[in-house]
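The primary structure of each chain is shown beneath.
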Amino acid sequence: MNVHDLATPALIVDVAAFDHNVATMAAARPGDRLRPHVKAFKSTALAHELAVAGHRGFCCATVREMVGMARAGLGHDLLLANETLDVRRLQALTTGAPDARITVAVDSVETVETAARGGVTEVLVDVNVGMPRCGCEPADAGRLAERARSSGLEVRGVMGYEGHLMMAEPAQKAALVEQAMVALLAAHADVGGDVISGGGTGTYAVNRWCTEIQAGSYTLMDTQYGSAPLPFRQALFLLLTVVSVNPTGGWAVADGGLKAFSMDHGPPDVLGAHKVWFCSDEHVTFGPLEGGSLPAVSDRVRVAPAHVDPTIACHERMHVVRDDTVVDTWEVDLRGW
Ligand SMILES: Cc1ncc(COP(=O)(O)O)c(C=O)c1O
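Worth saying up front: this structure is predicted, and the values here are computed from it rather than measured.

Visitor: For this particular structure, what's the right way to read the domain arrangement of the protein chain?
Guide: Often, the extent of an interface is quoted as the loss of accessible area upon association of its parts. For the protein chain, the domain assignment lists domain 1 (3-10 + 233-331) and domain 2 (30-214). Distance from the C-alpha centre of domain 1 to the C-alpha centre of domain 2: 34 Å. If you look at the interface, domain 1 gives seven residues, while domain 2 gives eight residues. When the area that domain 1 buries against domain 2 is broken down by residue, the three leading residues are Asp309, Ile312 and Trp330, summing to 66%. The interface formed by domain 1 and domain 2 holds one salt bridge in total. For the interface between domain 1 and domain 2, the tally reads two residue pairs in polar contact (both at pLDDT 80 or more). Mapped onto the side of domain 1 that touches domain 2, the elements with two or more residues apiece are helix H9 (308-312) and strand S16 (325-331).

Visitor: Looking at this structure, how should I read helix H7 (residues 170-191)?
Guide: At 3.6 residues per turn, the α-helix brings residues three or four places apart onto the same side. Between its first and last C-alpha, H7 extends 31 Å over 22 residues, near the 32 Å set by a 1.5 Å rise per residue. Inspection of H7 places Lys173, Val177, Ala180, Met181, Leu184, Ala187, His188 and Val191 among the buried residues, and these make up the whole buried set. Looking down the long axis of H7, one finds its buried residues gathered within 105 degrees of arc, a one-sided arrangement. Facing away from the buried surface of H7 by more than 90 degrees, the exposed residues are Ala171, Ala175, Gln179 and Ala189. For H7, the elements touching its buried residues are strand S5 (122-126), helix H6 (141-150), strand S6 (154-160) and strand S7 (195-198).

Visitor: Honestly, a nonpolar patch on the surface in this entry has me stumped. Any pointers?
Guide: Together, Trp251, Trp277 and Phe278 give the surface a local cluster of nonpolar side chains, amounting to about 320 Å² of exposed area. Here Trp277 shows up in strand S12 (residues 274-279).

Visitor: Can you help me understand the pairing of S6 in this one?
Guide: Burial within S6 is extensive, with six of its seven residues counted as buried. The sheet contact formed by S5 and S6 spans five bridges and is parallel. Note on S6: the bridge partner recorded for Val125 is Val158. In the classification by handedness, the crossover that spans S5, the intervening H6 and the parallel S6 is right-handed. Pairing analysis gives four bridges linking S6 to S7, with the strands arranged parallel. Directly across from Gly157, in S7, lies its bridge partner Val195. Considered for its hand, the β-α-β crossover made up of S6, H7 and S7 is right-handed.

Visitor: Can you help me understand the site of the ligand in this one?
Guide: Not every one of the 15 residues close to the ligand is listed here, only the nearest: Thr201, Gln214, Gly216, Ser217 and Tyr225. Measuring from an oxygen atom of the ligand, one finds a side-chain N or O atom of Thr201 at 2.6 Å. Summarising the interface, the protein chains cover 89% of the accessible area of the ligand, which totals 390 Å² for the free molecule. Of the residues that constitute the shell around the ligand, the class distribution is six nonpolar, seven polar and two charged.

Visitor: Could you clarify how one ought to interpret the sheet that holds S5 in this entry?
Guide: Strands belonging to one sheet form pairs held by backbone hydrogen bonds; the direction of such a pair is parallel or antiparallel. Taken together, seven strands build an open sheet; the order of strands is S2-S3-S4-S5-S6-S7-S8 and the sheet is parallel. Either end of the sheet is taken by a strand with one partner, and the two such strands are strand S2 (57-60) and strand S8 (212-213). In this sheet, strand S4 (residues 102-106) lies alongside strand S3 (residues 77-80) in parallel orientation, the contact comprising three bridges. Note on S4: the bridge partner recorded for Leu78 is Ile102.

Visitor: What exactly am I supposed to notice about helix H5 (residues 109-117) here?
Guide: Every buried residue of H5 is listed here: Thr111, Val112, Thr114 and Ala115. Viewed end-on, H5 has its buried residues packed into an arc of 160 degrees, placing them on one side of the element. Elements that come into contact with the buried residues of H5 comprise helix H4 (87-96), S4, S5 and H6. Just beyond H5, the residue with positive phi is Gly119, at close to 85 degrees.

Visitor: Teacher, can you tell me more about the nonpolar core here?
Guide: If you look at soluble globular proteins, the nonpolar side chains tend to sit buried side by side. Ranked by size, the top nonpolar core spans 89 residues in total, and within it Phe41, Met69, Val125, Leu220, Ile312 and Met318 carry the most contacts. The dominant element in this core, judged by the number of residues it contributes, is H7, at six residues. Per-domain counts for this core show at least three residues from each of domain 1 (3-10 + 233-331) and domain 2 (30-214). Among all residues touching Val125, those that are not within four sequence positions of it are Val106, Cys136, Ala141, Leu144, Ala145, Val155, Gly157, Val158, Met159 and Val191. If you look at the next biggest cluster of nonpolar residues, it comprises nine residues, including Val3, Leu239, Ala304 and Val326.

Parameters and conventions
- Residues numbered from 1 in each chain as written.
- Predicted model: local features only at pLDDT ≥ 70, side-chain atom pairs only at ≥ 80, totals over all residues.
- Heavy atoms only, no water.
- Domains from an automatic or database assignment.
- Contact = heavy atoms within 4.5 Å.
- Buried area = accessible area lost by both parts, 1.4 Å probe.
- Salt bridge = Lys/Arg side-chain N within 4 Å of Asp/Glu carboxyl O.
- Polar contact = N/O pair within 3.5 Å; in protein donor to acceptor, adjacent residues only side chain to side chain.
- Helix = DSSP H or I, 4+ residues; strand = E, 2+ residues; numbered from the N terminus.
- Expected span 1.5 Å × (residues − 1).
- Buried < 20%, exposed > 50% of the residue type's maximum accessible area, 1.4 Å probe, protein only.
- Arc of directions from axis to C-beta.
- Patch = residues over 30% accessible without salt bridge, like charges linked within 9 Å, V, L, I, M, F, W, Y side chains within 5 Å.
- Areas by Shrake-Rupley, 256 points an atom, 1.4 Å probe, with all protein chains shown as cover.
- Pairing = 2+ DSSP bridges.
- Right-handed = clockwise from strand over helix to strand, strands pointing away.
- Near = heavy atom within 4 Å.
- Nonpolar A, V, L, I, M, F, W, Y, C, P; charged D, E, K, R; others polar.
- Core = buried A, V, L, I, M, F, W, Y, C linked by side-chain atoms within 4.5 Å.

Given below as structure tokens:
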């Protein structure tokens, strides 16, 4: 099928850019030194490509993602890098996927008890390294590890996600990440275990302390990460059709809006020398940049999203394209709750 025959809005993955991203990260963080985070792309088909590239362990953000990965045969070493209090769903996960290796992040007595009651056998102590997100204070990590051990859980180590530093100024990033990781290493000294998990697409190159990096966005990228000096290419686009043009006013309207891409990192880029005026529920309204021209009704445009994770969560599938040929379709099968 030709890309022009796809019904729009459609998510497309430029496979050449995707392959470049996967190879670039695999060279920097080979094998188990990367634990890709599936939250970015929510697709077992894409995760399978990463397993083929040598990354056998994965991070998930939801129990739903854990279940889907285990069912797809990708349960070699799954980390729920997030807190849950859902005993019932953990039980369904651990009994439904007895062959999968399941590790869960814990940051409180309640999450420790949930893991134990849910049939989980291994945990990581999630540590706050400077961002108001989940994670216990570094000084509490050792006590929590003891509590987990006394509940019969194996403590594999610590995790600490320095999310607030992903877009830090390049000149300061390494020092800021070091500061965050000093806190994580102090916690690790009290907790023990082999695993020090953290990092992301924005810090993988400077985070020397984690034994494994949790990046996921690097696979497909977005315009926010694209504005940082990273070696990855934009691989994910939303294909839209121009459904209305107003030559008098100087604008055009394409058929995808807030229900097809996320705006939390700002508006997307409409490729081809266009400037986005605004986005509404089903539409993006845009005009030509200085010296450019308006598209015609029925033209196709490619849009690069500003934030990959919530954009993909709006879609059921991604079409994998090489030049203009659709070579594969990846279901976004880890959506939902
Ligand atoms: C716990 C955790 N680890 C790692 C990441 C890294 O993801 P990214 O590749 O988008 O930097 C995220 C992103 O939100 C996260 O929540």
